[in-house]
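Each chain, written out:
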Amino acid sequence: MRKIIILSTLVLTVLACTEQKNDIVSVSGSTTVLPVVSTAADMFMKQNPGSKIIVNAGGSGVGVNQVGSQRVEIGMISRDITEKEISQYPNTSFKTHSIGRDAVVPVVSSEIYNAGITALTLDQLAKIYRGEISNWKELNGPDKEILVIDKEAARGTRHVFMEIVLGDKEAQASGADLVLGANNEEQTALVQSDAALGILSNGWLNDDVKGLSIKMPDGTLIEPSLENIVNNNFPITRDLVLITNGTPTGKTKEFIDFILSAKGQEIVVKNGYVGISK
Amino acid sequence: MSRKVKNSLFKSSVYLASFLSISILLFLIITLISKGINAVSWQFLTSESSNFGSQGGIIYQIIGSLLLTLSAAIISFPLALGMAIYKSEYIKRNLFQNITNTLIYSLNGIPSIIFGIFGLIFFVNILNMGISWFVGGIILAIMILPTITLSSYQSIISIPISYRENAASLGLTKWQVIHTIVLPRAISGGFTGLLIGLARAIGETAPIMFIATAFSGVTFPNSFLEPVSSLPTHILALAQQATNPQALQNAWGASLVLIILVFIFSISALIRRIHYSKVNY
Amino acid sequence: MWASQNKLGKGYVITSTYVSIAITLLIFSILFCYSFQAFTEIGWRLFTHNWNPATEEYGILPMLYGTLSVTCIALLIAVPIGVLTAIFTSEIVPKQYRLYIKSAIELLAGIPSIVYGLIGIAFFSTWISSWFDLASGRTLLTAGILLAIMILPTIITLSDDALFNIPKKYREASKGLGFYSYEVIQKTIWPIAKKNIAGAILLALGRALGETMAVMLLVGSIDKIPDPFYKVISPGQTITSKLGREVGESAFGSLHFSALNAIGFILLLLVITLTVFTQIYFRKKQEAL
């Protein structure tokens, strides 16, 4: 009896360990890329019954880690892979596939926007994140402490923003008051506050969460509009990227091709980003 | 201060504190039910979630949660039973009893997030099992092991000595005694413990969020090594978008369903406990 | 037949016992092994203020502070309310209703922490920000209050047991002396029950230390000690919220991962010492009775 139990447990374990993930494509990573991929996955699965695409959030850092440790087929990232990350996974040859373009936009609570703060210079942003400016009053806004929202260290949005604003993608922001993760979470904090400044992907702006224009040194204002992202006028832009280990094959390839197709690119545009074909 | 004043001060603080506690508890219940009931409908319970969970229902989250708890129960019940019997029937030395007790209590005290990290290191990375519901089931099983063991053990040691004496006088062997007298009690007590354990396991987020669950695209798993979605991790994703009214509404709905599942387990445990405490020997 | 079953049965119970023991030891050793790199490579620099994986700085003081302050706030709120409520349920409520109240409270103790997190985000954080006129309601205080509510049922039921189990005759004797009910409790009941109530509080403390989801959503998650340090209406970070947010982002096997394991291991030691101490203390008392 006991032998049977042990045997069957063993068999089960072996089964559990050897079963192939045939038609399943796992994706994880950036919450900026997530809406595109998750919608695309739904459509793809409808078109190809029997295939399964599992999508998980977590941030660009998680995406790189899981592709690096070959735990998922596709990673979603909204920044470049760092040297350090590449060196951490010598057995993985990261291959990138751009699927769209996005801007990282400094955003404020609608109260601040309506009080007249609609544009900031990169230098002002840097001072706020360094903690040198801590009240909206100093920027001719209302007399309110700025609630500076930072993001978790490995998040793509943060890397891109800090690279341009503070000069180093992993710079510490000593002026920060809150550290949050997903775009969703940050959007919520911005709406709940009346004096917040945060950084969000262009796809997540709405009436309660207003994107600021960037005031260039020559005095021109550049809005975070799709047009300014396309022609690269907006100073903080980035590619939305899928990464794989080596050249994708099978269902993974089919899925990436689907996102790059006209239909897939429509999803990219619908989510507030710029398609890659343009 | 006179004794009388002190006494009435004390009394009023007792009433004030109780009033506070009761209003907090009422607030929780009323909020959860009233917010949840608006979201729950037959369609909500039976359709897939879409658009980050802010639309659609929670069918695969319910299935995932049940799958996780079911596998936890299957893995942990026999282990706990064996340990309870070994502890009560075979370990005679006090030192050994103390060692096993300490180990069980430590296992019981481990914070849930630590189980998650352990699962991530050991099962996901070292054994390379990937992110899967099976790993989640194992981790939850380990987590509820002490509850079942202790409950089963308590039930065994409450067997009156006279039963064993009678059995011994009939010339039964040790295993016959265990089989006829100890085992039924162990199973019964263990089952109560299992229900308590499952009530805890089904609501846990931290142990499974790194190792067992995925965000979207999950349907019924075809193998041991696929992730599932679960109610607690779904609520976590929705709570982060709490200013999106649709997402929030679905979060309340999922919470109500989760709490009902928790209560089904814990009320059954409570009923069993009250019922069996009335059984006298 | 019986002989072989005897062997089989013994084999089964022994195996399951050793498997369970092995698992428990495995959890400790795995956690220790994977934090070992951090302890040796970072060493005493773990106990500094700055956490920045990019520059390989791993200071855990803000997390320790956050865990400590959030737990203290929770206990400061939950202990008086909980113990006084327990006096109400055990001394004042008629016996036939007590079981219902207790069952209701025990059920509430089972509400999953993620649900508390949701309630916290939807209500508490907005309340706190408007009461204290803060820009954000995600603070150490918010997390502490929520934790207090989460451990309240534990404190109430266990303290209630401690009080209720004291035989009636003590109360009657002491009432016979003409004591007010306050004095009955202060002079007669409290001295007997206080050890068990202390045990209840220690158990609740253990739960509060390890609580993750609700705290993670509400504490603000910034690795800073507020200035001045007692200003708990500012955001902070606890050990559990740090782990919950960062473990997925760190590469398996990196120093960053090891440093996270190290704080996990410290938390584990803290909680386990507390639980084991409480259990041994309880057992000794039970044996003495």
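### Considering the overall build of chain A
Part 1 of the reasoning: Scanning chain A for helices and strands turns up 11 helices and 13 strands.
Part 2 of the reasoning: In terms of overall dimensions, chain A has a C-alpha envelope of 80 × 45 × 35 Å along the principal axes.
Part 3 of the reasoning: Long-range contacts, defined here as pairs at least 24 residues apart, represent 73% of the contacts in chain A between residues at least 6 apart.
Part 4 of the reasoning: The centroid of the 26 positive side-chain charges in chain A is displaced by 8 Å from the centroid of its 32 negative side-chain charges.

### Details of the side chain of serine 132 of chain B
Residue and element names in this part refer to chain B.
Part 1 of the reasoning: Examined against the element boundaries, serine 132 turns out to sit in the loop between helix H5 (112–126) and helix H6 (133–157).
Part 2 of the reasoning: Among the residues examined, serine 132 registers a relative accessible area of 0% and is labelled buried.
Part 3 of the reasoning: Excluding anything up to four places from it in sequence, serine 132 contacts Ile211, Ala212, Phe224, Leu225, Glu226 and Pro227.

### Regarding the domain arrangement of chain A
Residue and element names in this part refer to chain A.
Part 1 of the reasoning: One can read the domain layout of chain A as domain 1 (2–100 + 243–275) and domain 2 (103–230).
Part 2 of the reasoning: Of the residues lining the interface, 14 residues belong to domain 1; the matching set on domain 2 comes to 16 residues.
Part 3 of the reasoning: Summing both partners gives a buried area of about 1100 Å² for domain 1 against domain 2, and 57% of it is carried by carbon and sulfur.
Part 4 of the reasoning: Of all residues in domain 1, Thr31, Arg79 and Val274 bury the most surface against domain 2, accounting for 38% of the area lost on that side.
Part 5 of the reasoning: Counting the contacts that link domain 1 with domain 2 gives zero salt bridges.
Part 6 of the reasoning: For the pair domain 1 and domain 2, the number of links is 11 residue pairs in polar contact (both at pLDDT 80 or more).
Part 7 of the reasoning: For the side of domain 1 that touches domain 2, a count of residues per class yields three nonpolar, 10 polar and one charged.

### Things to note about unusual backbone geometry
Part 1 of the reasoning: For the peptide bond that leads from aspartate 227 of chain C to proline 228 of chain C, omega is -5 degrees, which places it in the cis range.
Part 2 of the reasoning: Within the fold, proline 228 of chain C resides in the loop between helix H8 (213–218) and helix H9 (239–246).
Part 3 of the reasoning: If you check the backbone angles, asparagine 128 of chain B has positive phi at about 55 degrees while not being a glycine.
Part 4 of the reasoning: Residue asparagine 128 of chain B is classed as exposed on the basis of its relative accessible area of 54%.

### Some thoughts on the pattern of salt bridges
Part 1 of the reasoning: Evaluated as defined, the whole model comprises 29 salt bridges over all chains.
Part 2 of the reasoning: For lysine 127 of chain A, the salt bridge is made with aspartate 123 of chain A, and the minimal N-O distance between the two is 3.6 Å. Taken together, the positions of lysine 127 of chain A and aspartate 123 of chain A, both in helix H6 (residues 122–130) and four residues apart, correspond to about one turn of that helix.
Part 3 of the reasoning: Under the relative-accessibility criterion, lysine 127 of chain A is labelled partly exposed at 31%.
Part 4 of the reasoning: Relative accessible area serves as the criterion here: at 46%, aspartate 123 of chain A is assigned to the partly exposed category.
Part 5 of the reasoning: A salt bridge links arginine 3 of chain B to glutamate 183 of chain C, with the nearest nitrogen and oxygen atoms 2.7 Å apart. In this pair, arginine 3 of chain B is assigned in helix H1 (residues 3–39) and glutamate 183 of chain C in helix H7 (residues 181–210), connecting two distinct chains.
Part 6 of the reasoning: A relative accessible area of 43% places arginine 3 of chain B in the partly exposed class.

### Regarding the confidence of the model for chain C
Residues and elements named next belong to chain C.
Part 1 of the reasoning: Taken as a whole, chain C shows an average pLDDT of 89; of its residues, 97% reach a score of 70 or greater.
Part 2 of the reasoning: Confidence, read as mean pLDDT per element, is least for helix H6 (residues 168–176) in chain C (82) and greatest for helix H2 (residues 61–92) (94).
Part 3 of the reasoning: For this predicted complex, the interface confidence score (ipTM) comes to 0.92, while the overall pTM stands at 0.90.

### Describing H6 of chain B
Part 1 of the reasoning: Taking 1.5 Å of rise per residue, the 25 residues of H6 of chain B would be expected to cover 36 Å, and the 36 Å separating its terminal C-alpha atoms lies within 8% of that figure.
Part 2 of the reasoning: Of all the bends found along H6 of chain B, the most pronounced is centred on isoleucine 144 of chain B and spans about 40 degrees, while proline 146 of chain B, a proline, follows it within four residues.

### Remarks on the packing of H2 of chain C against helix H5 (residues 140–164) of chain C
Residues and elements named next belong to chain C.
Part 1 of the reasoning: Running from amino to carboxyl end, H2 crosses H5 at an angle of 35 degrees, the nearest separation of the two axes being 6 Å. You can see that H2 and H5 cross each other, and the crossing is right-handed.
Part 2 of the reasoning: Looking at side-chain class alone, the contact of H2 with H5 contains 24 nonpolar, eight polar and two charged residues.

Analysis parameters
Residues numbered from 1 in each chain as written. Chains lettered and ligands numbered in written order. Predicted model: local features only at pLDDT ≥ 70, side-chain atom pairs only at ≥ 80, totals over all residues. Heavy atoms only, no water. Helix = DSSP H or I, 4+ residues; strand = E, 2+ residues; numbered from the N terminus. Contact = heavy atoms within 4.5 Å. Lys, Arg positive; Asp, Glu negative; His and termini not counted. Charge placed at Lys NZ, Arg CZ, Asp CG, Glu CD. Buried < 20%, exposed > 50% of the residue type's maximum accessible area, 1.4 Å probe, protein only. Domains from an automatic or database assignment. Buried area = accessible area lost by both parts, 1.4 Å probe. Salt bridge = Lys/Arg side-chain N within 4 Å of Asp/Glu carboxyl O. Polar contact = N/O pair within 3.5 Å; in protein donor to acceptor, adjacent residues only side chain to side chain. Nonpolar A, V, L, I, M, F, W, Y, C, P; charged D, E, K, R; others polar. pLDDT = per-residue confidence, 0-100. Expected span 1.5 Å × (residues − 1). Bend = angle between axes of the 7 residues up to and from the residue. Axes fitted to C-alpha atoms, helices over the stretch in contact; angles between N-to-C directions. Left-handed = near helix turned anticlockwise from the far one by under 90°.

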